[in-house]
Each structure stands twice: as structure tokens, then as C-alpha cells.
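Take a look at the letters that make up each chain.
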Amino acid sequence: MSLGRLLDGVQTIAILCNQWGDTGKGKFSDYFASQWADVIARGTGGNNAGHTVVNDGKEKVFRSLPAGIAYDHLGKINVLGNGMVLDLQVLSEELDELQKEGMSYNNLLISEDAHVVMPYHISRDKAWNQTQKDGGIGSTGNGIGPCYADKIARRGVRIGDLFDKDLLANKIKRASAFYPEHKLDLEEVLSRILPLAEKIRPLVKDTVVHMQGFLKRGKKILLEGAQGLLLSIEHGTYPYVTSSDSSLNGTAAGVGLSAKVVDLPLGTIKFPFMTRVGGGPFPTELGSTTAEEYCGGEGITKLFELKKYRIPYVKRDGGIHYDCHHRTILNLMNSKDPFEQGVGIRLAASEYGAVTGRPRRIGWTDAVAARYAIEANATFNIILTKTDAVAGAEHFRVCYGYKQGPSTLTTFRRAPQFLRSVRPSYSQYEGYGDINSLRDEANLPQSLRGAIGDFEKFTGSSVAIVSVGPQPDQTIVTGEAGR
Ligand code: GDP
Ligand code: IMO
Ligand code: MG
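The structure displayed is predicted, hence computed values, not measured ones. (Residues numbered from 1 in each chain as written. Chains lettered and ligands numbered in written order. Predicted model: local features only at pLDDT ≥ 70, side-chain atom pairs only at ≥ 80, totals over all residues. Heavy atoms only, no water.)

### Section: the site of ligand 1
Definition in use: For this description, a residue counts as near a given molecule or strand if any of its non-hydrogen atoms is within 4 Å of it. Whenever a nitrogen or oxygen atom comes within 3.5 Å of another N or O atom, the pair is scored as a polar contact, on the condition that within protein one atom can donate a hydrogen and the other can accept it, and that pairs from neighbouring residues in sequence are kept only if both atoms are in side chains. The Shrake-Rupley method, run with a 1.4 Å probe, gives the accessible areas here. Residue values count only the displayed protein chains as cover. Per the convention used, a helix needs a DSSP run of H or I reaching at least four residues, while a strand needs a run of E reaching at least two, with both numbered from the N terminus.
The immediate surroundings of ligand 1 are formed by 17 residues, with Lys25, Gly26, Thr52, Asp388 and Ser467 found nearest. Separating an oxygen atom of ligand 1 from a backbone N or O atom of threonine 23 is a distance of 2.9 Å. In the model, an oxygen atom of ligand 1 is placed 2.9 Å from a nitrogen or oxygen of the glycine 24 main chain. In isolation ligand 1 has 590 Å² of accessible area, and contact with the protein removes 92% of it. At the level of secondary structure, the elements contributing two or more residues to the shell around ligand 1 comprise α2 (25-35) and β3 (51-55).

The following block contains the structure:
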């Protein structure tokens, strides 16, 4: 089917995750940036994000930069918005890496209002939030929470402050007083930060003025969401969330626009399995709290699991490669034991953190949670991702209700106590084989089409795109697109 109908009359798109992150925002930001957008902007989070783009079999992970930066040479404009928190060291490394790979960033704009992640934010985050032990959140340890806390407390350091040395020194001294455990050496911090600030100085702008101008001039704008609705500080499973509002509203505000100007909010959803990384409730998790604890444990990595289950692998180009369809993986995926089934899907779908390498927790797609997210994000057009990754599973399931005592509830409530008190009620479907090479909706396996239909009906959404692999061409635009 044609993308044209989906994009007919559309000036502004947002790609937003309707789960707990890692649902292929990177793939689809790249997809629309390459063939449609003039401007690609991020409005929330920072380098807690890991957005993967695969082109010609080569994988690239973006952390603070929007995936559209790869099209800078075509004159496309990329924006790091006012709602972001930026670690200058990481940003600088990302820019250096682009140069090393022969890519430019001539049209990158960095908001003077974005906040700066300081060393004391990182040390506080690592000390207080990184562990998952004793109910810990399991943050990415990048200083995101403390940086946003300082922003809200009105003592944060903004990008624009970096260019007034006295103001900056005063702000750092004042803010760092709230981190007594961090022995601040102001001169050392300044000597590290100021050269990084100089490097980005020509790119620093009042990006809100630019964004409003792009909108008025009819530029095609793509907002690249980060994290996911269920991780939003406003809408997520608080306190097991990130510290920004990763919803449509937060993402638009984070680039200085109103959500009202977004013509096409697209919601990404992994289907028929989903993931979560870090602590927090996850009703459909395979292996439930055993899996949660295991995934939050020390030393559980891709390499550890490959060795544990004796799956052959090779180390190449800085990555670990193995056959996702290896017999042992298929056996695990079809195990009667839900924990093992979770391990099998993790290995089959290679669900390990793009940045942290942590194992992602695995469960069947939760349509109750998805409906809540779709409504909160107003993303009634859906992109289903990773549908190919469970090839070889004899059956798959989708959750359409929560059992609590004698009742089956169909309304999502985000309180962790509630989510931990329910058990999923599933519909089961026949499994299917390899679908990576399919390009036509009509050829999708009958059971998958049936499950998609049930999901659309339950959630009140339309599946506009089905993703059948990490590469841009492994994308099926459905007949529902643009209806
Ligand atoms: P993001 O944070 O939402 O951008 O997602 P991540 O990049 O963290 O994780 C998504 C992973 O799935 C990446 O490794 C992508 O390359 C990969 N991916 C995206 N869509 C598909 C798909 O349809 N099928 C498969 N097999 N992989 C996909
Ligand atoms: P992308 O954009 C998945 C999770 C962390 C932790 C919680 C808080 O790649 O989808 P933080 O460091 O933000 O304070 O951590 O949020 N988290 C993510 N999980 N994908 C992400 O980003 C995430 N960003 C944060 O694991 O549970
Ligand atoms: Mg990610």
C-alpha cells in the first residue's frame, strides 16, 4: 500500500512509543527522515535513549542526536529541543563519531534552553537510582533524574549558561551544594566543560523560534520521541519511570510546539511480544518476578546467556553475532516454562539494551496497557514492530484483560500496586515462520492478521505499518494507512 495516503496533507509527524521504550523509534525516525521530513527534532530525555538504525546491514545507535542527523548532508535540519537534558561529553563523542564516519552536522541546532547533565547528576544517579535491588528503579545511570530534578527546582544549568563563565561558575556552585557527597572541583569541572561548550557554540540557538518558523514556512517536521508512554513521568508506572514526559504532549512541548500541531502521531508497539528494561511492574512478563530479578542482576548480558545456553557466537565489528534461529533458541522459545520462554524470545529477538547491554525483560504484548497508551498519546495510527522476531514460536499470545480475584478487568491503571496484583488473561494464536521477506499485508500469516485485527478492535486503533525486520525496506504499509 502507499505511504502517500498516510502522509496526505500531513506537515508534522511524531513517532512515539506506546510501551516501555525500545520499540523501533530509531528505525521509523530514520524511515521518515530519509524520505519525507525536512526537520527532525527531539524534545525529551537525553542519552538514556538508544535508538538503533540499521541500513545495509550496518547498525548505528543514536543516543542524544536524532536519527535524522544521517541526512544532514541533504540539508535536513536536526534539533535538540528545549526539553532535553544533554551530557556534553556524550554529545561531543557522538559528533566526533559522525565525523569519523564521514557524516556532517552542519544543520544541527541545539536549544539554549536544554539542561546540562553535570558530573554530580551522574554520580547521584548511579548511587541512588541505578540498582534494581530492593525495588530500585534501575535507571540508565546517566544522570537524567537528578538533572531534571534541578530543572524543576529552578537551579539547573542550561546550555545558554555555558557562555557566561561567571554565571556558570555561580550556578554550578549553587546547584552542587545539593550534592554534598560529590566533592566538586569547580576549576576541574569548568576546564572540562568549557571546551565542550565552545565546540557546540555555533549550533546553540533559541530553537523554539526556529521550530515555530519551520512550522509557519510549511517545513515537514518529524518529532522523534524518546523512551515510551509507560515510562512518562506523567502517564507511566510512577515511580518506575524516567523523569521527562515522553508522551505526545511532552515531546511537542520539548521542542516548543503544541501537541495540537502534530497532524500524525504514530505510536510504535512491539507485537506480539513486548519488553521492559529496568525495574517496575510488567503484568505479562514471562517468568514474572523471577525474570525481573534475574534481568536486574549483575553480569546478565547477551554473552552470559549465549554461553549459558551453549549457543555458538562470533565477536565481530564490536558486536556479538549468533544465529537467532538456532535450535536451542527455538526450543527455549517453545518451552513450557515461562522463564525459559522469555529467555528464548530475548535471544531470538536480540533484546539487549542498545546502550547499557542490559537484558530486556520479555512478555506478551499487553493490549490493555497499549489501549491506555494509545489514548493518552492520541496515537490512533500504530506501527507494529518486531513481528518477525518470534518466528518459530508454536503459539503466541496477546493480553486482553487482567484477572484479579474472580474478576477480569480491562481498564489499565498505572499504580504499580495494581499492576502487580493482576494476572494476564490471554488470547492464544498459532505461531508462524519467517516473515522477514514479506512486503504485502495480504501475505502475512493468517494468525498474525487475525491477532492484529483483534488488537485494533480492542484498542480502537488502526495498524498503519507492520515492521518485519530492522531494515527500512522490511516495512509493510497496510491498507488501513491514512484511513
Ligand atoms: P528505540 O529505542 O525505540 O529506537 O528502539 P531500540 O533501537 O532500542 O530497539 C529496537 C531494536 O529492534 C533495534 O535493534 C532495531 O534495529 C530493531 N528493530 C526495529 N524494528 C524491527 C523489526 O521490525 N524487526 C526486527 N527483527 N528488529 C527490529
Ligand atoms: P529509548 O528512547 C527503555 C528506563 C530505564 C529505567 C527508567 C529510568 O531507547 O526507548 P532513566 O535513566 O531515564 O532515569 O531511567 O527508564 N529507560 C528506558 N527504557 N528505553 C529507553 O529509551 C529508556 N530510557 C530510560 O531502564 O527503568
Ligand atoms: Mg532504545
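### Some remarks on the pairing of strand β1 (residues 12-17)
A regular strand carries its side chains on alternate faces of the sheet. The line we're drawing: Burial classification: accessible surface area is computed with a 1.4 Å probe over protein chains only, and a residue below 20% of its type maximum counts as buried, one above 50% as exposed, and the rest as partly exposed. Being paired, for any two strands, means DSSP has found at least two bridges between them.
Of all 6 residues making up β1, 6 are buried, and the element is well covered by its neighbours. The two faces of β1 match: Thr12, Ala14 and Leu16 on one face and Ile13, Ile15 and Cys17 on the other face are all buried. Sheet topology places β1 next to strand β10 (residues 221-224); 4 bridges connect them, and they run parallel. From the neighbouring strand, threonine 12 faces β10, where its bridge partner is isoleucine 221. Direction of pairing for β1 relative to strand β11 (residues 264-270): parallel, over a ladder of 5 bridges. Residue pairing in the sheet places leucine 16 in a bridge with glycine 267 of β11.

### Here we look at the site of ligand 2
The cut-off we apply is this: Space inside and on the surface of the protein is sampled on a 1 Å grid over the protein atoms alone, with a cavity defined as a set of points where a 1.4 Å probe fits but cannot get out and a pocket as an open set with protein on both sides within 12 Å along at least 5 of 7 lines; lining residues have an atom within 4 Å of a point. Should more than half of a molecule's atoms lie within 2 Å of a pocket's or cavity's grid points, that molecule is taken to sit in it. Three residue categories are used. Nonpolar comprises Ala, Val, Leu, Ile, Met, Phe, Trp, Tyr, Cys and Pro, charged comprises Asp, Glu, Lys and Arg, and polar comprises the others, including Gly. Domain limits in this description derive from either an automatic procedure or a database domain assignment.
Not every one of the 20 residues close to ligand 2 is listed here, only the nearest: Lys25, His51, Thr140, Thr242 and Arg358. Histidine 51 has a polar side-chain atom sitting 2.7 Å from an oxygen atom of ligand 2. Interatomic distance of 2.6 Å between a side-chain N/O atom of threonine 242 and an oxygen atom of ligand 2. When ligand 2 sits alone it has 550 Å² of accessible area, and the protein chains cover 97% of it. Structurally, ligand 2 is housed in the second largest pocket. For the shell around ligand 2, the residue count by class is 7 nonpolar, 10 polar and 3 charged. Here the shell around ligand 2 spans two domains, and each of domain 1 (3-109 + 204-269) and domain 2 (116-198) adds at least three residues to it.

### Some words on helix α4 (residues 119-128)
As a reminder, the rule being used: Picture the helix axis, draw a direction to every C-beta atom, and the arc is the one those directions span. Throughout, a residue-residue contact means that at least one pair of heavy atoms, one from each residue, lies within 4.5 Å.
When α4 is considered as a whole, its buried residues turn out to be Tyr120, His121, Arg124 and Asp125. Viewed end-on, α4 has its buried residues packed into an arc of 130 degrees, placing them on one side of the element. On its buried face, α4 sits against β8 (115-116), α5 (144-152) and α6 (165-176).

### Details of the domain arrangement of the protein chain
Under the domain assignment, the protein chain is made up of domain 1 (3-109 + 204-269), domain 2 (116-198) and domain 3 (302-351). When each unit is reduced to the centre of its C-alpha atoms, the spacing between domain 1 and domain 3 is 31 Å.

### Re the sheet that holds β1
Strands in a sheet are paired, the pairing made by backbone hydrogen bonds, and the direction either parallel or antiparallel. Inclusion rule: To get an axis, fit a line to the C-alpha atoms, keeping to the stretch in contact for a helix; angles then go from 0 to 180 degrees between the N-to-C directions.
Read from one edge to the other, the open sheet built from 10 strands follows the order β9-β7-β5-β2-β10-β1-β11-β16-β20-β21, with strand pairing classed as mixed. For this open sheet the edge positions go to β9 (204-205) and β21 (475-477), each flanked by a neighbour on one side alone. Examined bridge by bridge, strand β2 (residues 39-42) and strand β5 (residues 77-80) share 4 bridges and lie parallel to one another. Along β5, the bridge assignment pairs arginine 42 with leucine 80. The strands touched by α2 are β1, β2, β10, β11, β16 (381-385), β20 (462-467) and β21; relative to β1, the strand with the most contacts, the crossing angle is about 165 degrees.

### Thoughts on empty space enclosed by the protein
For the record, the criterion: Grid points are joined across faces, edges and corners, and a volume is the space filled by probe spheres set on the points.
Scanning all chains against the criterion turns up 1 cavity of 30 Å³ or more. In this structure, the largest cavity spans a volume of roughly 40 Å³. Lining the largest cavity, in full, are Glu285, Leu286, Ala291, Tyr294, Cys295, Phe339, Gly342, Val343, Arg346, Arg361 and Ile362. Considering each element in turn, the lining of the largest cavity owes the most residues, 4 residues, to helix α13 (residues 338-349). In terms of residue class, the lining of the largest cavity is built from 7 nonpolar, 1 polar and 3 charged.

### Points about the coordination of the magnesium ion (ligand 3)
Selection criterion: For Na, K and Ca the donor cutoff is 3.2 Å, while for all other metals N, O and S atoms count as donors only within 2.8 Å; water does not appear among the atoms, so some sites may look incomplete.
In the first shell of the magnesium ion (ligand 3), the protein supplies Asp22 (OD) and Gly50 (O), at 2.1 to 2.2 Å from the metal. With aspartate 22 in the loop between β1 and α2 and glycine 50 in the loop between β2 and β3, the pair connects residues that are 28 residues apart, well separated along the chain. You can call aspartate 22 partly exposed: its relative accessible area is 22%. Of the residues examined, glycine 50 reaches a relative accessible area of 14% and is grouped as buried.

### A short note on the side chain of serine 111
Along the chain, serine 111 falls in strand β7 (residues 108-111). For serine 111, a relative accessible area of 0% corresponds to the buried category. Polar contacts involving the side chain of serine 111 include one to the main-chain amide nitrogen of aspartate 113, which spans 2.9 Å.

### As for the packing of aromatic side chains
To be explicit about the condition: Under the pairing criterion, centres of Phe, Tyr and Trp rings, with the six-membered ring standing for Trp, must be within 6.5 Å; the plane angle then separates stacked pairs below 30 degrees from edge-to-face pairs above 60, leaving the rest tilted.
Per the stated rule, a full pass over the model turns up 11 aromatic pairs. Plain terms: the ring middles of phenylalanine 396 and tyrosine 429 are 5.1 Å apart, the flat faces sit at 15 degrees to each other, and that makes the pair stacked. Of this pair, phenylalanine 396 sits in strand β17 (residues 395-404) while tyrosine 429 sits in strand β19 (residues 423-430), and the two are 33 residues apart along the sequence. Accessibility expressed as a relative area gives 1% for phenylalanine 396, which makes it buried. Overall, tyrosine 429 belongs to the buried group, its relative accessible area being 10%.

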